[in-house]
Amino acid sequence: NVLAVSSDAHMTAFDDGRNTGGNTSNASFPILQSGPLDRLGSTKGGPFSDGCYATRWERNHQYSLIQFTNDNCLVITAYRGDETTVLFTKRLCGDNIYGSTA
(Lines give C-alpha, C1' and ligand atoms only; values in the text may rest on other atoms or scores of the structure.)
Protein backbone atom coordinates (compact mmCIF):
# COMPACT_ATOMS: atom_id res chain seq x y z
CA ASN A 1 0.00 0.00 0.00
CA VAL A 2 1.22 3.47 -0.90
CA LEU A 3 0.10 6.95 0.13
CA ALA A 4 1.82 9.81 -1.70
CA VAL A 5 2.19 12.99 0.35
CA SER A 6 3.18 16.34 -1.11
CA SER A 7 3.07 19.89 0.17
CA ASP A 8 4.65 21.98 -2.58
CA ALA A 9 1.40 22.77 -4.43
CA HIS A 10 0.21 25.36 -1.85
CA MET A 11 -3.18 23.67 -1.50
CA THR A 12 -4.93 20.90 0.42
CA ALA A 13 -6.48 18.16 -1.72
CA PHE A 14 -7.09 14.41 -1.60
CA ASP A 15 -7.52 11.84 -4.35
CA ASP A 16 -8.50 8.27 -3.45
CA GLY A 17 -6.48 6.82 -6.34
CA ARG A 18 -9.01 6.98 -9.13
CA ASN A 19 -7.20 9.91 -10.79
CA THR A 20 -3.54 9.07 -10.09
CA GLY A 21 -3.33 6.18 -12.54
CA GLY A 22 -2.86 8.40 -15.56
CA ASN A 23 -4.84 7.52 -18.65
CA THR A 24 -5.70 3.99 -17.50
CA SER A 25 -9.00 2.78 -16.14
CA ASN A 26 -7.29 1.22 -13.12
CA ALA A 27 -7.24 3.10 -9.84
CA SER A 28 -3.79 3.72 -8.45
CA PHE A 29 -2.48 4.96 -5.09
CA PRO A 30 -4.10 7.79 -3.07
CA ILE A 31 -2.41 11.19 -2.86
CA LEU A 32 -2.58 13.87 -0.17
CA GLN A 33 -1.63 17.43 -1.07
CA SER A 34 -1.06 19.16 2.25
CA GLY A 35 -0.35 22.81 2.82
CA PRO A 36 -0.14 25.90 2.61
CA LEU A 37 0.47 26.58 6.28
CA ASP A 38 1.32 30.25 5.89
CA ARG A 39 1.61 30.88 2.16
CA LEU A 40 -0.69 32.08 -0.57
CA GLY A 41 -3.04 29.37 -1.82
CA SER A 42 -2.99 27.85 -5.28
CA THR A 43 -5.00 25.35 -7.28
CA LYS A 44 -3.30 23.08 -9.77
CA GLY A 45 -3.21 19.51 -10.94
CA GLY A 46 -6.12 17.20 -10.40
CA PRO A 47 -8.77 16.29 -10.75
CA PHE A 48 -8.99 15.22 -7.12
CA SER A 49 -11.74 12.81 -6.03
CA ASP A 50 -12.41 14.88 -2.91
CA GLY A 51 -11.70 18.29 -4.40
CA CYS A 52 -9.23 21.04 -3.69
CA TYR A 53 -9.65 23.26 -0.64
CA ALA A 54 -7.26 26.14 -1.33
CA THR A 55 -8.31 29.69 -2.03
CA ARG A 56 -6.05 31.25 -4.63
CA TRP A 57 -3.98 34.27 -3.63
CA GLU A 58 -5.08 34.18 0.03
CA ARG A 59 -3.28 32.87 3.10
CA ASN A 60 -5.03 29.55 3.68
CA HIS A 61 -3.46 28.36 6.97
CA GLN A 62 -4.04 24.69 6.08
CA TYR A 63 -2.28 21.55 7.26
CA SER A 64 -2.88 17.82 7.62
CA LEU A 65 -2.24 15.24 10.32
CA ILE A 66 -1.67 11.55 9.60
CA GLN A 67 -2.33 9.19 12.50
CA PHE A 68 -1.22 5.55 12.56
CA THR A 69 -3.77 3.56 14.54
CA ASN A 70 -3.45 0.28 16.46
CA ASP A 71 -5.78 -1.45 13.98
CA ASN A 72 -3.33 -0.87 11.09
CA CYS A 73 -5.12 2.11 9.60
CA LEU A 74 -4.10 5.61 8.61
CA VAL A 75 -6.41 8.44 9.56
CA ILE A 76 -5.81 11.65 7.61
CA THR A 77 -7.39 14.85 8.88
CA ALA A 78 -6.94 18.17 7.08
CA TYR A 79 -7.53 21.45 8.90
CA ARG A 80 -7.84 25.16 8.19
CA GLY A 81 -6.57 27.53 10.89
CA ASP A 82 -6.63 25.86 14.27
CA GLU A 83 -8.00 22.36 14.88
CA THR A 84 -11.62 23.56 14.90
CA THR A 85 -12.21 23.71 11.13
CA VAL A 86 -11.90 20.24 9.59
CA LEU A 87 -11.66 20.21 5.79
CA PHE A 88 -11.87 16.43 5.49
CA THR A 89 -11.10 13.17 7.27
CA LYS A 90 -10.06 9.96 5.49
CA ARG A 91 -9.44 6.49 6.90
CA LEU A 92 -7.23 4.07 4.94
CA CYS A 93 -7.13 0.50 6.23
CA GLY A 94 -5.60 -2.87 5.36
CA ASP A 95 -5.73 -3.91 1.74
CA ASN A 96 -8.15 -1.08 1.02
CA ILE A 97 -5.84 1.80 0.15
CA TYR A 98 -8.69 3.86 -1.23
CA GLY A 99 -10.00 6.68 0.95
CA SER A 100 -13.29 6.33 2.73
CA THR A 101 -14.86 8.98 4.90
CA ALA A 102 -14.10 8.27 8.54
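What counts as what
- Residues numbered from 1 in each chain as written.
- Predicted model: local features only at pLDDT ≥ 70, side-chain atom pairs only at ≥ 80, totals over all residues.
- Heavy atoms only, no water.
- Pairing = 2+ DSSP bridges.
- Helix = DSSP H or I, 4+ residues; strand = E, 2+ residues; numbered from the N terminus.
- Axes fitted to C-alpha atoms, helices over the stretch in contact; angles between N-to-C directions.
- Disulfide = S-S within 2.5 Å.
- Buried < 20%, exposed > 50% of the residue type's maximum accessible area, 1.4 Å probe, protein only.

Enquirer: Sorry, what's going on with the sheet that holds strand 2 (residues 13-15) here?
Expert: Strands in a sheet are paired, the pairing made by backbone hydrogen bonds, and the direction either parallel or antiparallel. With mixed pairing, three strands are arranged side by side in an open sheet as 1-3-2. The open sheet terminates on both sides in strands that have one partner only, identified here as strand 1 (4-6) and strand 2. Averaged over all adjacent pairs, the angle separating strand axes in this sheet is 10°, with direction ignored. As judged from the three bridges shared by strand 1 and strand 3 (residues 31-33), these two strands associate in the parallel manner. Residue pairing across strands places A4 opposite I31, the latter belonging to strand 3.

Enquirer: Help me understand the state of the cysteines in this model?
Expert: Here, disulfide denotes a covalent bond that connects the sulfur atoms of two cysteines. Taken as a whole and assessed by the stated rule, the structure comprises one disulfide. Disulfide pairing places C73 opposite C93 at an S-S distance of 2.1 Å. Across the disulfide from C73 to C93, rotation about the S-S bond amounts to roughly 115°, and the bridge is consequently right-handed. On the criterion of sequence distance, the pair formed by C73 in strand 5 (residues 73-80) and C93 in strand 6 (residues 85-93) is long-range, its members being 20 residues apart. When its relative accessible area of 26% is taken as the criterion, C93 is described as partly exposed.

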